[in-house]
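Residue-level listing of the chains:
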Amino acid sequence: MNVLLEVEDLAYTYPDGTEALRGVTFSVAEGERVALLGPNGAGKTTLLLALIGIVRAQRGEVRVGGVSLSPETYPEVRRRIGIVFQDPDDQLFMPTVWRDVAFGPANLGLPDEEVEARTREALAAVDMDEQAGRAPHHLSGGEARRAAIATVLSMRPDVIVLDEPTSNLDPVGRRELARLLTTVGTTQIVVTHDLPFALQLCPRSIVLNAGRVAADGPTPRLLSDTDLMAANRLELPYGFDPGTIAGR
Amino acid sequence: MSGVHAHALHYHGHSPVHRLAPEVKIVALFTFVAAVIATPTQAVWAFGVLAGVLAVAVGLAELPVGFFLKRLSIEIPFVIFALAMPFVGQGPHVEVGGMSLSVPGLWGTWNVLAKATLSVGASVVLSATTEVADILAGFDRLRAPRLLTAISGFMVRYLEVVAAELGRVRTAIAARLGDRPRRREAATLASVSGTMFIRAYERGERIHQAMLARGYTGVMPAAAAPRLPVRWTAAVSWMAAAWVVAVAAILTA
């Protein structure tokens, strides 16, 4: 498999001295779906922001599809890596769903017809074509999540990174999201506390703790390793046994 | 566009005015208001005719009279000031029902009342027939500064988010204060406003990050919303009618 995303020795310390990332290294191959696990404060959100240069890492490198992250390549890297933030109220900032999905392609400076075609395509991919004219605050939790994913799909990214995609979703919304993510098809990184969701969708997981990669391997194996789980403050729901469930 | 509407001022419908391009309606509103303002106060007949011109728009928009009058009531706080003018005005006075009223003051009241009512009425037609997002897109197409329309758009978008956040904070306060007097609640809410500010500020930061993540470079892209028919002829004849009245009133005054 071709390596699509490479992160090498990425380090970032916040101005107040908090070391959020202490040399993170991993790579993701084309077409892979990888879960990024870790306790609160492990540095997951900082890592997402560092991938596209919103947080500027003091050390290390990010390469996506052969393009190395630097201020000159921000537009290109931000097109290739699409981030779906945790709160759809942050992601959907335009007056209508349509204008929000069109925001990314319009920023790429594409001609109007191309912006329209991509917006239509992205809305259809998440089954939101009917809601194009609606205001984001009138969407249900599941609809808002799908609209947020469409805003990234319209940029035709190489890799989609989702931050806590199942938060605030009811079980049906969560199941529909799982189905949607398997149909979207691009390379995906799913940051989540929802371990059954990770097991269901992602064959491989990376465990981040205290700004370092603590483990990287097949999800079923990591989730069955009780010592590793305890050391990284990861916990399965009561009664959930990954050994009895066939991971993907 | 779907059947769910973004704001309370909107009246759902499919009238010719609803289907008119927002930029045309905005131009028509400003032209009409300018005609109303230009009409001399003493030309009472002209205001009657202008009211007729406005009534045509209300009729074409298929707005129920009750709905229209209810929305007009927004002008009441402004008009109350005008009602005081005959009592505090200078100049010659007339006796009306045992009260001595200033004549220039009476004209002042009429001036404010007539012009405000007609202008607010025209604004009601715009807001009742146009979604907020479309009004903003209309201003964009009229080449209003992109930054201003973007700020207005954010304001409309996040007003409800912040209001919902405030609502949750109020519920949390009520849950712990129980049946204590409202005065106490107000004091607590005041101290909470600082927290609300910080929350709003942090949200602003996160939105900015989300914008950067999708290639925002400091310039808002133009609205690529589907365009509605423009029909300038019909709109321009309506605007012209208002101005014919205004000019006739100026010439005869």
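Residues numbered from 1 in each chain as written. Chains lettered and ligands numbered in written order. Predicted model: local features only at pLDDT ≥ 70, side-chain atom pairs only at ≥ 80, totals over all residues.

A.B. asks: Report on the packing of helix α1 (residues 22-38) of chain B against helix α7 (residues 132-141) of chain B, specifying residues and quantitative values.
C.D. replies: Residue and element names in this part refer to chain B. Packing of α1 against α7 brings their axes to within 8 Å, and their N-to-C directions diverge by 80°. One element, α1, and the other, α7, form an angle in the roughly perpendicular class. Every residue of α7 that contacts α1 at Pro-22, Glu-23, Lys-25 and Ile-26 is listed here: Asp-134, Ile-135, Ala-137, Gly-138, Phe-139 and Arg-141. (Axes fitted to C-alpha atoms, helices over the stretch in contact; angles between N-to-C directions. Helix = DSSP H or I, 4+ residues; strand = E, 2+ residues; numbered from the N terminus. Parallel < 35°, antiparallel > 145°, perpendicular 65-115°, else oblique. Contact = placed C-beta atoms within 7 Å.)

A.B. asks: Hey, could you go over the sheet that holds strand β1 (residues 3-13) of chain A for me, with residue numbers and the actual values?
C.D. replies: All names here are of chain A. Judged by pairing direction, the sheet is antiparallel, and its four strands sit side by side in the order β2-β1-β4-β5 without closing on themselves. Two strands close off the open sheet at either side, each with one partner strand: β2 (19-29) and β5 (67-68). Where strand β4 (residues 59-64) meets β5, two bridges bridge the pair, whose relative direction is antiparallel. Note on β5: the bridge partner recorded for Arg-63 is Ser-68. Packed on one face of the sheet, helix α1 (residues 44-51) meets β1, β2 and β4 and runs near 65° to β2. (Pairing = 2+ DSSP bridges.)

A.B. asks: Can you lay out α1 of chain B for me, pointing to particular residues and giving the numbers?
C.D. replies: Its 17 residues give α1 of chain B an end-to-end C-alpha distance of 24 Å, which sits within 8% of 24 Å, the value for a rise of 1.5 Å per residue. When α1 of chain B is considered as a whole, its buried residues turn out to be Pro-22, Glu-23, Val-24, Lys-25, Ala-28, Leu-29, Phe-32, Ala-35 and Val-36 of chain B. (Expected span 1.5 Å × (residues − 1). Buried ≥ 20, exposed ≤ 12 C-beta atoms within 10 Å, placed from the backbone.)

A.B. asks: How would you explain the packing of helix α3 (residues 65-72) of chain B against helix α6 (residues 103-129) of chain B if you had to name every residue and give the values?
C.D. replies: Residues and elements named next belong to chain B. Relative orientation of the contacting elements α3 and α6 amounts to 120°, with a least axis distance of 9 Å. Overall, the two elements α3 and α6 adopt an arrangement that is oblique. Crossing hand, α3 versus α6: right-handed. On the side of α3, the interface is formed by Phe-68, Arg-71 and Leu-72, while α6 contributes Thr-117, Val-120, Gly-121, Val-124 and Ala-128. Here the residues of the contact of α3 with α6 are counted per class, giving five nonpolar, two polar and one charged. (Left-handed = near helix turned anticlockwise from the far one by under 90°. Nonpolar A, V, L, I, M, F, W, Y, C, P; charged D, E, K, R; others polar.)

A.B. asks: Can you explain the interface of chain A and chain B? Please cite residues and give values.
C.D. replies: It is common to report an interface's size as the accessible area lost on association of the parts. Taken together, the 36 residues of chain A in the interface contact 29 residues of chain B. Those elements giving two or more residues to the side of chain A that touches chain B turn out to be α2 (74-80), α3 (88-91), α4 (97-107) and α5 (112-125) of chain A. It is α4 of chain A that provides the largest number of residues to the side of chain A that touches chain B, a total of seven residues. A breakdown of the residues in the side of chain A that touches chain B according to their chemical character gives 18 nonpolar, nine polar and nine charged.

A.B. asks: Explain the domain arrangement of chain B to me, and be specific about the residues and the numbers.
C.D. replies: Residues and elements named next belong to chain B. Entries for chain B in the domain assignment read domain 1 (22-140 + 229-252) and domain 2 (145-213). Computed from C-alpha atoms alone, the centre-to-centre distance between domain 1 and domain 2 is 35 Å. If you look at the interface, domain 1 gives four residues, while domain 2 gives five residues. Of the residues that constitute the side of domain 1 that touches domain 2, the class distribution is three nonpolar, no polar and one charged. (Domains from an automatic or database assignment.)

A.B. asks: Which residues make up α7 of chain B, and what are the values?
C.D. replies: Residue and element names in this part refer to chain B. For α7, the tally of buried residues reaches nine of ten residues, placing the bulk of the element in the interior. Every buried residue of α7 is accounted for by Val-132, Ala-133, Asp-134, Ile-135, Leu-136, Ala-137, Gly-138, Phe-139 and Asp-140. Summarising the contacts, the buried residues of α7 are in contact with α1 and α8 (146-177). A positive backbone phi angle near 60° is found at Arg-143, which sits one or two residues after α7.

A.B. asks: If you had to explain the sheet that holds strand β3 (residues 33-37) of chain A to someone new, which residues and values would you point to?
C.D. replies: Residue and element names in this part refer to chain A. Pairing in this open sheet of six strands is mixed, and the strands run β6-β7-β8-β3-β9-β10 from one edge to the other. The sheet is open, and its two edges are formed by β6 (81-84) and β10 (212-218), each paired on a single side. Sheet twist, expressed as the average angle between the axes of neighbouring strands with direction ignored, equals 20°. Note: strand β9 (residues 204-209) against β10, six bridges, orientation antiparallel. Paired with Ile-206 across the strands is Asp-216, a residue of β10. Sheet strands in contact with α1 are β3, β6, β7 (159-163), β8 (187-191) and β9, and its direction is about 150° off that of β7.

A.B. asks: I'd like to hear about the pairing of β3 of chain A, residue by residue, with values.
C.D. replies: Each regular strand carries side chains that alternate between the two faces of the sheet. Residues and elements named next belong to chain A. Burial runs high along β3: five of the five residues are buried. Here β3 shows a buried face lined by Arg-33, Ala-35 and Leu-37 and a second buried face lined by Val-34 and Leu-36. Sheet topology places β3 next to β9; four bridges connect them, and they run parallel. By the bridge assignment for β9, Leu-37 is matched with Val-207.

A.B. asks: I'd like a description of the environment of Arg-78 of chain A, backed by residues and values.
C.D. replies: Tracing the backbone shows Arg-78 of chain A in helix α2. For Arg-78 of chain A, a count of 26 C-beta atoms within 10 Å corresponds to the buried category. Taking the C-alpha atoms as reference points, Arg-78 of chain A and Ile-52 of chain A, separated by 26 residues in sequence, lie 5.7 Å from one another. Discounting chain neighbours no more than four positions away, the residues touching Arg-78 of chain A are Ile-52 of chain A together with Ala-213, Arg-214 and Gly-215 of chain B.

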